[in-house]
Amino acid sequence: MNDWYDPSNPALTRRRFLQALGASSAAAMMTGAPQLVGADRGEGIENIAARADAVIVLWMAGGMAAPETFDPKRYMPFEKGLDVEKIISTFPAIDTNVDNIKISEGLENIAQVMDRATLIRSAIQPDLGHILHSRHQYHWHTGYVPPLTVAAPHLGAWMARLLGPQDPVMPAFVNIGQRLEGVGEKEELKAFTTAGFLGSAYGPFNIPYPEEAGRAVATPKGMTAQRFEERYERYKKLVEAGGDQYISEYHEDSMRQAVDNAHRLLGSEKKKAFDISLEPKETYDKYNTGRFGRGCLLARRLVEAGSRFVEVTTEYVPFVHWDTHEKGHETTVRLKQEVDRPIATLVRDLEARGMLDRTLVIVASEFSRDMMIEGVPGSNAKDQSRAKTDVLKEMKHYGLHRHFTGGTSVVMFGGGTKKGYLYGKTADERPNIAIENPLSVEDLHATIYTAMGISPKTKFDIERRPFFVTKDGKGKAAMDIFA
Amino acid sequence: MGDMNLRPILAVLILAVTSPVQAKVVDFHTEVTPILMKHCYECHGGTEAKGGFSMNTLSLWMDKKAAKPGDGEGSYVIELMREKDLDFAMPPKDKPRPTEQEIETLSKWIDQGMQWEEGFTFAKGTYEAPLKPRRPELPPAVDGRDNPVDRIIDAYLAKQDIPPRPAMDDAAFYRRASMDLIGLLPEPADVERFVKDSDPNKHTELIDKLLANDRAYARHWLTFWNDLLRNDFTGTGYITGGRRSITSWLYKSLLENKPYDQFTRELLAPNKDAEGFIKGIQWRGDVNASQTTEIQFAQNVGQVFLGINVKCASCHDSFLDSWTLEESYSLAAIYADRPLEINRCDKPTGKLAKPGWLFPELGEIDAEAPRKKRLEQLADLMTDEDNGRLTRTITNRLWHRMMGRGIIHPVDAMETQPWSEDLLDQLAIHLSDEQYDLKSVLRLIATSHAYRAQSLVLEEEPEADGYVYTGPLVKRMTAEQLIDAIRQVTQTQTTKAAKKFPAQQIEKQTGTSGEVFTTRAAMLPSDFLQRALGRPNREQVVTSRPQSLTTLQALDLANGEALNAMIQRGATSLINQHKGKSPDEMITLVYGRALSREPTDAERKLCRQMLGDPMIQQGVEDMLWSVFMLPEFQHIR
């Protein structure tokens, strides 16, 4: 722990050590509430100029196979009797509009915006001994591996707490596309879809179905806008009419403030941002490949209206979508159709609106996939493929059905990142592990926080112990990816 | 925070100024600590750990490789102190420079192997919490207020020159007591009878009546205990069998008002029904060394029963108090059924933990005994009559629930100075005197004049430091209380049995009495509305909930479907059940149920506007919403 401090490590200069000393202090707060350490002295958010104002995470839930998408390798077409060990990619590579970058067939639209992208091919995850999607998703979204002694906040919650919304009327953190009821591992999903110890004020505004977002900010069912408005006006008078003061002002004020904020959004023009049916048909159609595509459109509208952090997911449902335990190839064909056009459209749309430079778009997944290896080479994690075979017999065998944590692709657009830039590299032959610039979840988070002007060392005191935005404050941003 | 531990060190500092540095063996106490206190303590001692370095214990120095015993001049700390470029030196350039002699002393001390007094720590400021129970001497009763709580508080207030707070009105008292003890709003007719009753003992009788409602009591206190014991109907871990529920055991224990010593013993040395608590939550795969189920055991046992935070000391010696890594692992090793290697900051140390517990003065754990035996020994030690920490911790939590703030606050920092040692000790000794009857502690508090006093109306949240007790604080309703209250006001209580919770069956077995007809929110798995109102995911022990409403919650309450549907159903229910009532009667009814008071004229007028005459469904809905959103409704004053 704290090897950034370790004086025996020659890579670390004393200057860095001293900077670190200046940047932190462990004042023990005696109240139970979390406290931003050093906030009053401006230490919490230390002197990093923000490169981006908003983040959109496009979440490929269930483990998007890098060799099938953004890191294509030697292609082997389906052929009965083919030794499965020979398979690395089941799609051919295609050219992009950047000379040295090829991606996978089926991503033709994204290929044409690669000149706006930083493509990271070397994201890695720890070997947790047993691959459980929700546990890796928890790690990716909070920077911490469960179980934990305190409830860790989601990335979006940190942004909500540290930066707030761009526009005060809007919710800072919106989570689109994930149902939290009625799906497998829902409790595990809920465990990280939260502001954790920061408190529910900074938690996500959950919108499982983008086409229903308008309703989430509409007046209640069966109530006209006029009645809704009147109800609130009378309510305010009723609060005043209560006679004696019974409740402490800090209780009453915080409650009135909250109710007022809610009504400000519900009565504001801004709430139109939630209603994607208001989008001109031409743009709407460009996005509309399905629920994920509509989610991307909603994300653009919300960021434009002033949200800070929006996540759109293809949705995690065990064994469905990117969670390919069998029929990987066929499923991936479908998923690419769902995500390719909306992602490219989002990038172009943000660019056309002059927002791309200040909006960091991140395409990511909890880990990659491989035909043969579960976890990393040498891992004793249990093989969870449902289509085990030595040679290809039928199409269901064709695809990457094991969870691979040794090399995962992350694509970033905008937000001050380089354009048409390749970062990191995986081996061309199995094991396709990251062989250049491996980037841990902590370092990836540090990069995202740095883009947003938040020091990776920012910390809170909770239960009188420090809790950092990146584990132990040790996340190191990949500064090379910034323009 | 007291500075009592600092004094001897300061005394030493004065001596050290004149003591010769040339002594053959550098003495830790007379020579080293004064220098460290003078130049390093402010940023790296006590609760401070700038740059992540705390000098509190020798092992913390070693963790950070701040010094190499045997090589003073090769040690990082000396290198920093000798640094010529003040931008890089320690102490920082705005602080006085240490003298050459001082640096020399430290260097020599390191050369000689860094002699450190066994067990010594710079972690000051931690209150020296007594372990043994103490029976405080009760001050004389004033004006016949002879409840021990009042005798102590009256004397406390007199000493601070603060007049006792006047009592709240009887109706408000009824609402507070009922919400606090059984989590339900009182019926207006009962309140009216109570107000008119001229019996001087009526307050005590009311408390007794509420506490005798075993079922309502158990249903209400489920919330508190589930949070504390991180128990829930659903949650992480269940899916892979890595977690067990203790709901049935807990509910039965609450119904029977199981004595707290027995309750504690059954949790620590459990049978199948209660083992879910010590088993913790096991995710499939590997976990960080500080989060194995054994360490979870140590953390949860420390926090729940002793109000000790061993989370710090699960990775390294704590900077905050005197708990060490080894002590945490010893506690964990009681539970471990395999040799438990001590990990420092997630790195193996090669040292095996020996089962043991935090207060050996009460007795030891037999490290050689099998696990079941060790757990029984722990249960015995924990509930030893000399373990005043157990009784202080729980009674402080109960006081917090009833009065809005702990006598020690926050309630999990039991090594903090209480605002009244006597009061805390009195509650604790009362618990053990009364055969560990938790209801009797609640009764003692609830029948005091202190509890009956008007709550404070403050502009701001009370400060953490220098807190002085002047009266009870207003509390925000829990999610469970709020939902139950709305259902009560609108008479839409759920009568369907809870799917995951055979409450009625357990009630029959226990032969308890009281409320029978409803399924309360605490008996149901958390849902969207409960979560929005602050019911936590119970992955970790939770001892207090957020005290303010957030914008996101307010959004859910303003237009969310869950509350809206409840209100629509509620309005229909009220209209159907009170056909022929006038709008004024409806207003009186709703205010009586929701707030235990009559509406003011101004309120009545506004409500009439909402209701319409004749009343319409929409009008009733809007009035209900407005009343449910009143700060006065959502708080317990």
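Residues numbered from 1 in each chain as written. Chains lettered and ligands numbered in written order. Predicted model: local features only at pLDDT ≥ 70, side-chain atom pairs only at ≥ 80, totals over all residues.

(A) Representation of the sheet that holds strand β1 (residues 35-36) of chain A in the model. Residue and element names in this part refer to chain A. Read across the sheet, three strands follow the order β1-β16-β17 without closing on themselves; strand pairing throughout is antiparallel. Among the strands making up the open sheet, the edge pair consists of β1 and β17 (465-468). For strand β16 (residues 459-462) and β17, the ladder comprises four bridges, and the chain directions are antiparallel. Looking across to β17, one finds that D461 is bridged to P466. (Pairing = 2+ DSSP bridges. Helix = DSSP H or I, 4+ residues; strand = E, 2+ residues; numbered from the N terminus.)

(B) View of the nonpolar core. The biggest cluster of nonpolar side chains holds 285 residues, and the ones touching the most others in it are V55 and I362 of chain A together with A332 of chain B. For this core, the element with the most residues is helix α10 (residues 291-305) of chain A, which contributes eight residues. Counting contributing residues, this core receives three or more from each of domain 1 (7-111) and domain 2 (235-382) of chain B. Among the nonpolar cores identified, the runner-up in size contains 12 residues, and V145 and A152 of chain A together with W283 and V287 of chain B belong to it. (Core = buried A, V, L, I, M, F, W, Y, C linked by C-beta atoms within 7 Å. Buried ≥ 20, exposed ≤ 12 C-beta atoms within 10 Å, placed from the backbone. Domains from an automatic or database assignment.)

(C) Quick peek at the packing of helix α15 (residues 293-306) of chain B against helix α16 (residues 325-335) of chain B. Residues and elements named next belong to chain B. Packing of α15 against α16 brings their axes to within 8 Å, and their N-to-C directions diverge by 110°. One finds that α15 runs roughly perpendicular with respect to α16. Between α15 and α16 lies a crossing of right-handed hand. Only S328, L331, A332 and Y335 of α16 make contact with α15, whose side of the interface consists of E294, I295, F297, A298, V301 and G302. Looking at the contact of α15 with α16 residue by residue, the classes come out as seven nonpolar, two polar and one charged. (Axes fitted to C-alpha atoms, helices over the stretch in contact; angles between N-to-C directions. Parallel < 35°, antiparallel > 145°, perpendicular 65-115°, else oblique. Left-handed = near helix turned anticlockwise from the far one by under 90°. Contact = placed C-beta atoms within 7 Å. Nonpolar A, V, L, I, M, F, W, Y, C, P; charged D, E, K, R; others polar.)

(D) Highlighting the pairing of strand β2 (residues 347-352) of chain B. All names here are of chain B. For β2, the tally of buried residues reaches only zero of six residues, placing the bulk of the element at the surface. Of the pairings in the sheet, the one linking strand β1 (residues 341-344) to β2 comprises three bridges and is antiparallel in character. From the neighbouring strand, E341 faces β2, where its bridge partner is L352. Between β1 and β2, which follow one another and run antiparallel, lie two residues, and C345 among them has a positive phi close to 50°.

(E) Structural view of the environment of R443 of chain B. Along the chain, R443 of chain B turns up in helix α20 (residues 438-446). Between the C-alpha atom of R443 of chain B and that of L211 of chain B, which follows or precedes it by 232 residues, the distance is 7.8 Å.

(F) Layout of the confidence of the model for chain A. Residues and elements named next belong to chain A. Taken over all residues, the pLDDT of chain A has a mean of 89, while the share at 70 or more is 90%. Within the model, the stretch residues 1-31 combines pLDDT values under 50 with 60 contacts to residues more than four positions away or in other chains. Scored below 50 in pLDDT, residues 39-45 shows 12 contacts in the model against residues more than four places distant or in partner chains. (pLDDT = per-residue confidence, 0-100.)

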